[in-house]
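Single-letter residue listing:
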Amino acid sequence: MNEEGGPVLVVVRSQLLDETNRSEFLRLSRLTDGWMSQQNGFLRYELYESRSGWFDTMLWRDRAAADIGNAAFATTGLAAAFSKIVKQDFDAFEGAAISFDQSKGIDGPDRK
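Thresholds, definitions, all that
- Residues numbered from 1 in each chain as written.
- Predicted model: local features only at pLDDT ≥ 70, side-chain atom pairs only at ≥ 80, totals over all residues.
- Heavy atoms only, no water.
- Buried < 20%, exposed > 50% of the residue type's maximum accessible area, 1.4 Å probe, protein only.
- Helix = DSSP H or I, 4+ residues; strand = E, 2+ residues; numbered from the N terminus.
- Arc of directions from axis to C-beta.
- Pairing = 2+ DSSP bridges.
- Axes fitted to C-alpha atoms, helices over the stretch in contact; angles between N-to-C directions.
- Contact = heavy atoms within 4.5 Å.
- Core = buried A, V, L, I, M, F, W, Y, C linked by side-chain atoms within 4.5 Å.
- Lys, Arg positive; Asp, Glu negative; His and termini not counted.
- Salt bridge = Lys/Arg side-chain N within 4 Å of Asp/Glu carboxyl O.
- Phe/Tyr/Trp six-rings, centres within 6.5 Å; stacked < 30°, edge-to-face > 60°.

Bringing helix α2 (residues 63-73) into the picture now. Where α2 is concerned, the buried positions are Ala65, Ala66, Gly69 and Phe73. Seen end-on, α2 carries its buried residues on one side only, within an arc spanning 100°.

Below is the structure:
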């Protein structure tokens, strides 16, 4: 998957331990956006709120940048602060875009 170095999207779904932590979650998310924007290969951070929880999306230049950035984030005080206010059974998804460019085949360059 994504062996040719294209963009990688990371999506994390989380839920608050207590809804009163919403303002702290938003504050930490704002700080995360600032931290991420300083990382090599980072392209975009977005946060979504839904009835089933929160969805953080991080777009990276490639898998290597995503791996390095995510590993670095896990060691920050931000990650530690998040762990105090979100349920530990969060879900994460990481994947690469699929191209529908017919000249490359229906699945794009990642499927041989």
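Having seen the model, we can carry on.
What follows concerns the sheet that holds strand β3 (residues 53-60). Spatially, β2-β3-β1-β4 is the arrangement adopted by the four strands of the open sheet, whose pairing is antiparallel. At either margin of the open sheet sits one strand with a lone partner, and together these are β2 (42-50) and β4 (91-96). When the angles between neighbouring strand axes are averaged without regard to direction, this sheet yields 15°. One ladder, built from six bridges, connects strand β1 (residues 8-14) with β4; its direction is antiparallel. Bridge pairing in β4 links Val11 to Phe93. Along the sheet face, helix α1 (residues 22-37) touches β1, β2 and β3 and points at about 165° away from the line of β2. On top of the sheet, α2 reaches β1, β3 and β4; it is set at about 130° to β3, its chief contact.

Before going further, it helps to examine the nonpolar core. Ranked by size, the top nonpolar core spans 19 residues in total, and within it Phe25, Met36, Phe42, Met58, Trp60 and Phe73 carry the most contacts. Going through the elements one at a time, β1, α1, β2, β3, α2 and α3 (77-83) are the ones with two or more residues in this core. In this view, Phe42 contacts Met36, Ser37, Met58, Leu59 and Trp60; residues no more than four positions away in its chain are not counted.

Tracing the backbone through its elements, the reader meets Asp56 in strand β3. Buried charged residue Asp56 carries no salt bridge. Nearest counter-charge: Arg13, at 10 Å. Not counting chain neighbours up to four residues away, the residues in contact with Asp56 comprise Val10, Val11, Val12, Ser14, Phe25, Ser29, Tyr45, Glu46 and Leu47.

For the coordinates displayed, the defined rule picks out five aromatic pairs. Centroid distance Trp35 to Phe73: 5.5 Å. Interplanar angle 65°. Geometry classified as edge-to-face. A residue pair is termed long-range when its members are at least 10 positions apart, and Trp35 in helix α1 and Phe73 in helix α2 qualify at 38 residues. Taking the relative accessible area as the measure of exposure, Trp35 reaches 21% and is therefore partly exposed. Where Phe42 meets Trp60, the ring centres are 5.0 Å apart and the plane angle is 75°; that geometry is what we call edge-to-face. Here the residue Phe42 occupies a position in strand β2, and Trp60 occupies one in strand β3, the gap between them amounting to 18 residues. There is no split in this pair, since Phe42 and Trp60 are both buried. Taken together through their ring pairs, the aromatic side chains of Phe25, Trp35, Trp54, Phe73 and Phe82 make up a single cluster.

All quantities given are derived from atomic positions and should not be read as evidence of function.
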